[in-house]
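So the chains spell out like this:
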2 protein chains.
Amino acid sequence: MRTVAGVLEEALSRLFGEPIKVTGAGRTDSGVHATGQVVSLATTASFAFERLTLALNALLPDDCSIRESCAVDAGFSARFGARARTYIYAILNRPQPSALLCRYAWHVPHPLNPSALRAAAEQVLGEHDFRAFCGSLPVNSAGEPASTVRTLSRFDIEQRGSLLRLELVADGFLHRMVRMLVGTVTEVGRERRRPAEISAILARAERAAAGPVAPGAGLYLAGVRYADGYDSFAEPPALGPPTPNLD
Amino acid sequence: MRTVAGVLEEALSRLFGEPIKVTGAGRTDSGVHATGQVVSLATTASFAFERLTLALNALLPDDCSIRESCAVDAGFSARFGARARTYIYAILNRPQPSALLCRYAWHVPHPLNPSALRAAAEQVLGEHDFRAFCGSLPVNSAGEPASTVRTLSRFDIEQRGSLLRLELVADGFLHRMVRMLVGTVTEVGRERRRPAEISAILARAERAAAGPVAPGAGLYLAGVRYADGYDSFAEPPALGPPTPNLD
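Residues numbered from 1 in each chain as written. Chains lettered and ligands numbered in written order. Predicted model: local features only at pLDDT ≥ 70, side-chain atom pairs only at ≥ 80, totals over all residues. Heavy atoms only, no water.

**Q** Would you mind going over the relation of the copies chain A and chain B with me for this structure?
**A** With an RMSD of 0.0 Å, the fit of chain A onto chain B corresponds to turning through 180° and sliding 0.0 Å along the axis. In symmetry terms, the pair is related by a two-fold rotation axis. Both copies share a contact surface, since 100% of the interface residues of chain A are interface residues in chain B too. (Least-squares fit on C-alpha atoms with pLDDT ≥ 70 in both. Contact = heavy atoms within 4.5 Å.)

Printed below as a string of structure tokens:
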């Protein structure tokens, strides 16, 4: 299967003349997009690193691009150094689908009530055991079960034209956590569940209690924040014009 | 070759149980998008036309969608009844490409001067023989050469983040006219040509005088206006959120 990491590793291995493995800061399943992914890698190759962005973009296919690159301390890991991740989810909420957004937003034709969505989102803010909103349970490096407790510091819902823009920030996300949270609050938005049910789902801590998994096409890993304050955030183009200049 | 018209005719022929041909209001070459295309068709089939939009969207592939449909007078032609067409062209103007916009905007890494672009655009406003900006010359229904005179009533250039949004309105456009105009004014924006050269190109009326043809990926047929005031305009999603409700 073709993956972003695979395509990137192939280009980097060609540039550096040695096999390169990258470590990504956040997961992106099949069909999921990223405007703010961060990857780290180690190499002993000599290369004019100030030209790495240009050289990589020249080698990469059109559907995978580099915004910027820089040298870091030897111990740096894009994954383990990350303090917070921002995911954005786009819902097209109108009766008709949009051909141009078919791969970039989830089409929900039923009217969604933004205040019900917001009330549902509020229930999951803060530190919780998110086991109910987890695809495959996490394991540590020794293969033992790891914690499913995460702190969700933001779950904002904003209307932009016929698009709903959901922004979620947490210290980390479990497998499919964003898509399961979005699928569940959308049921509240459709008024099929009451906002208070969300707390009950959290408390039951069983996957069966949660709503459906929202499709990958609406999801964007939009930014990763590090201890030094660096944040890779970039708005997905479907939700607004891209940032002026990335240099 | 798979075309939007072909995909649409196949779905309509299935729905109506007879072969259907559609007439489109504006051209969209391969790779070109449309948010405001209008098509007309004739059928004697009995069908609950108020449900046509829903039925068509259920049958069409995800990358082709219908916004609305209505019954019209028997003589109506989406093409010949059109009074004005609006095309929008998106240019991503920053050093780095964007994976998410690779099929939806033309990536121009060299800095473009918006006021030079505007000065160039002004030169082509109004009624002109646009022969210099024409791919294949038009013919009438008898196969004889037709007029290459068109009236360009708008050529606006606006910056939205790192995107440039070019909007062109005319009574009609020649084959590749928008892409050749955009390719040529972009040379002025790069300060490779002076704005005044555009008038000279118009006057020479030779295709060789014009600049390169801008790629199809940045181009959108965004709206078609009719004598009764109806305008199908819709903003391309890459340039802003889609309109709230199309009913």
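On we go from here.
**Q** Please explain the pairing of strand β9 (residues 219–226) of chain B as it appears in this structure.
**A** Both faces of the sheet carry side chains from a regular strand, because those side chains alternate between them. All names here are of chain B. Across the eight residues of β9, seven count as buried, placing the element largely inside the fold. Bridge analysis of strand β2 (residues 33–34) against β9 gives two bridges, and the strand direction is parallel. Looking at the pairing, Ala34 lines up with Leu221 of β9. Both strand β4 (residues 82–92) and β9 contribute to a ladder of seven bridges, which runs antiparallel. Residue Tyr87 lies in a different strand from β9, and its bridge partner there is Leu221. (Buried < 20%, exposed > 50% of the residue type's maximum accessible area, 1.4 Å probe, protein only. Helix = DSSP H or I, 4+ residues; strand = E, 2+ residues; numbered from the N terminus. Pairing = 2+ DSSP bridges.)

**Q** Could you clarify how one ought to interpret the environment of A:Ser115 in this entry?
**A** In this structure, A:Ser115 sits in helix α3 (residues 114–123). Between the C-alpha atom of A:Ser115 and that of A:Ser136, which follows or precedes it by 21 residues, the distance is 31 Å.

**Q** How do you make sense of the packing of aromatic side chains when you look at a structure like this?
**A** To describe a pair of aromatic rings, you give the distance between the ring centres and the angle between the ring planes. Under the defined criterion, the tally for this structure stands at 15 aromatic pairs over all chains. Taken together, a centroid distance of 5.7 Å and an interplanar angle of 90° make the contact between A:Tyr104 and B:Tyr104 edge-to-face. Linking A:Tyr104 in the loop between β4 (82–92) and β5 (106–107) with B:Tyr104 in the loop between β4 and β5 (106–107), this pair reaches from one chain into another. With respect to burial, A:Tyr104 and B:Tyr104 carry one shared label: buried. Taking 5.3 Å as the distance between ring centres and 75° as the angle between the ring planes, the aromatic pair formed by B:Phe16 and B:Phe47 counts as edge-to-face. Of this pair, B:Phe16 sits in helix α1 (residues 4–16) while B:Phe47 sits in the loop between β3 (39–40) and α2 (52–59), placing them 31 residues apart in sequence. (Phe/Tyr/Trp six-rings, centres within 6.5 Å; stacked < 30°, edge-to-face > 60°.)

**Q** Even after reading the chapter, I still don't get unusual backbone geometry, so can you show me in this structure?
**A** Comment: phi is negative for the bulk of residues other than glycine, and the bulk of peptide bonds are trans. All names here are of chain B. In this structure, Arg176 takes a positive phi of about 65° despite not being glycine. Within the secondary structure, Arg176 sits in the loop between β8 (163–170) and α4 (177–189). Relative accessible area serves as the criterion here: at 30%, Arg176 is assigned to the partly exposed category. The residue Glu191 is not glycine, and still its phi comes out positive at about 65°. Positionally, Glu191 belongs in the loop between α4 and α5 (197–204).

**Q** Even after reading the chapter, I still don't get the interface of chain A and chain B, so can you show me in this structure?
**A** It is common to give the size of an interface as the accessible area that goes away when the parts come together. Facing 38 residues of chain A, the contacting portion of chain B comprises 38 residues. For the pair chain A and chain B, the summed buried area comes to about 2,800 Å², and 64% of that belongs to carbon and sulfur atoms. Applying the counting criterion to the chain A and chain B interface returns six residue pairs in polar contact (both at pLDDT 80 or more). At the level of elements, β2 (33–34) and α2 (52–59) of chain A are the ones that each hand at least two residues to the side of chain A that touches chain B. Its residues placed into classes, the side of chain A that touches chain B shows 20 nonpolar, 11 polar and seven charged. (Buried area = accessible area lost by both parts, 1.4 Å probe. Polar contact = N/O pair within 3.5 Å; in protein donor to acceptor, adjacent residues only side chain to side chain. Nonpolar A, V, L, I, M, F, W, Y, C, P; charged D, E, K, R; others polar.)

Interpretation in functional terms is not warranted from these geometric data alone.
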